[in-house]
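# Survey of secondary and tertiary structure
For reference, the chains in residue letters:
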Amino acid sequence: MSSTKNSRIGEEIWKTRVDKVNAELVTLTYGTIVAQLCQDYDSNYHDVNKQLDKMGYNIGMRLIEDFLAKSGVGRCVNFRETADMIAKVGFKIFLNVTPTVTNWTSDNTQFSLIFEDNPLADFVELPDDGRAQDELWFSNILCGVLRGSLEMVQMQIEAHFVSDVLRGDDTTEMRVSLVRYIEDEMPPEEE
Amino acid sequence: MPSNPRGVFSLIIINKAGGLIYQREFQSGLRNLSTNDYLVLAGTFHGVHAITRSITPKIPIAQPAPSTTSTGTAAPAASGYSYPNPGVPVSGLDYLETDKFRLTCFQTLTGTKFLLFTDPLTGGVDAIIQRIYELYADYVMKNPFYQIEMPVRCEAFDRHLGAWLRGRT
């Protein structure tokens, strides 16, 4: 029910409220950043992943306000709704993609986002130094963006990629886990 | 007519920790407060807002079927009470009104508060605040050199805010 509603919200905002830029500019800019990081960190891909995640985190903390201001949506009542919101509104308005939400754990705290399209990775081929294919998560910035933006709305999460078509996998999949809801300002319940 | 047809007197932004991060007047001749007084106002409002949230009354849940075999004869447990309309999150103080002005508080989901002082007769305050929030998202949060939670010193924000509020619709 609310699921199709979110699709509509995402579609509507994308059409009417978002300034568009050339996709190649985004792809090239992001590609340059990753390539530069690989150079700066001497192809230590673990550090590159970490740095991308950190950069994303800082973006997320800012981007969330834009998301909320543009969408005017209220607080999600549970993590399932949050996931739907991320996929159909968040990714839609900022990247014009709608990843599929799937692979829920039974306690509803972990899910996967499957990306059919990933505008960050167009034209990309990972370096064939024998390690990048196993170690670099090219789009890792997205994990940080989710972590940063959800933290600002009182959710501590953990996100990482588990597969990437750039590595030759069949799908590009990000795993997102809810760690806890951060209690804001309210002092602990006195009993 | 006053130079400010929208009847917006001033704006205060409070970060999620209760610190004053922005304060601006849109009308001349307002009573001036010292910087310190503004800080106190922000902190006090923040506290009062939190209190109004926590004192939101809970009402007993209508017990669906007390015919279960449980031994419960005592007063309902804490879980027997809930906020009216539990689907809607508890909000704090939304507005405060006197004969001469109205203070509207909009708290974003991230915890930032926008306090707008307007003429009590000014309409469409929610839309005004929503627009201010968008300008804030654009010219404050997207400024890479603005440090989150710190006082807002963004010239572009001042400019666009002023221009928009002065502009007629």
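Residues numbered from 1 in each chain as written. Chains lettered and ligands numbered in written order. Predicted model: local features only at pLDDT ≥ 70, side-chain atom pairs only at ≥ 80, totals over all residues.

### Side note on the overall build of chain A
Note the cut-off: Counting from the N terminus, the helices are the DSSP runs of H or I reaching at least four residues and the strands are the DSSP runs of E reaching at least two. The atom set for the radius of gyration is the C-alpha atoms, and the globule formula is 2.2 Å times the number of residues raised to the power 0.38.
Across its full length, chain A holds 6 helices and 4 strands. For chain A, the α and β elements follow one another from N to C terminus as α-α-α-α-β-β-α-α-β-β. In terms of overall size, chain A behaves like a compact globule, its C-alpha atoms giving a radius of gyration of 17 Å where 191 residues would be expected to give roughly 16 Å. By its C-alpha atoms, chain A is 55 × 45 × 30 Å across when sized along the principal axes.

### Section: helix H4 (residues 79–95) of chain A
For the α-helix, the turn length of 3.6 residues means that residues three or four positions removed from each other point alike. Residue and element names in this part refer to chain A. Put simply, the rule is: The bend at a residue is defined as the angle formed between two axes, one fitted to the seven residues ending at that residue and one fitted to the seven starting there. Comment: burial labels come from other C-beta atoms within 10 Å of the residue's own C-beta, placed from the backbone, where a count of 20 or more is buried, 12 or fewer is exposed, and between is partly exposed.
The largest bend along H4 reaches roughly 35° and is located at Ile86. Counting buried residues along H4, 13 of its 17 residues qualify, which places the element largely inside the surrounding structure. Residue Asn96 follows H4 closely and has a positive phi angle near 55°.

### Points about the interface of chain A and chain B
Where we set the bar: We call two residues in contact when their backbone-placed C-beta atoms lie within 7 Å. Think of it as three bins: nonpolar holds Ala, Val, Leu, Ile, Met, Phe, Trp, Tyr, Cys and Pro, charged holds Asp, Glu, Lys and Arg, and polar takes everything else, Gly as well.
On the side of chain B, 16 residues touch chain A, which itself brings 16 residues to the contact. Of all the elements, helix H3 (residues 45–71) of chain A adds the most residues to the side of chain A that touches chain B, at 8 residues. For the side of chain A that touches chain B, the class distribution of residues is 8 nonpolar, 1 polar and 7 charged.

### Details of the sheet that holds strand E7 (residues 113–118) of chain B
Residues and elements named next belong to chain B. Put simply, the rule reads: One bridge is not enough; two strands pair if DSSP finds at least two bridges between them. To get an axis, fit a line to the C-alpha atoms, keeping to the stretch in contact for a helix; angles then go from 0 to 180 degrees between the N-to-C directions.
In spatial order, the strands read E2-E1-E7-E6-E5; together these 5 strands make up an open sheet with antiparallel pairing. Looking at the sheet topology across the chains shown, the edges are occupied by strand E2 (20–25) and strand E5 (95–97). Shown here is a sheet whose adjacent strand axes are inclined to one another by a mean of 10°, direction ignored. The pairing of strand E6 (residues 102–107) with E7 spans 6 bridges and is classified as antiparallel. Within the sheet, the bridge partner assigned to Cys105 lies in E7 and is Leu115.

### A short note on the confidence of the model for chain B
Using the following cut-off: pLDDT runs from 0 to 100 and stands for how confident the predictor is about each residue.
Summary statistics for chain B give a mean pLDDT of 83 and a share of 83% for residues scoring 70 or more. Residue range residues 65–77 of chain B is modelled with pLDDT below 50. Its contacts to residues more than four positions away, or to other chains, number 1 contact.

### A look at unusual backbone geometry
Residue and element names in this part refer to chain A. Phi is positive for Asn103, which is not a glycine, with a value near 55°. Following the sequence through the fold, Asn103 ends up in the loop between strand E1 (100–102) and strand E2 (110–115). With a phi close to 60°, Asn108 is a non-glycine residue in the positive phi region. Relative to the helices and strands, Asn108 is located in the loop between E1 and E2.

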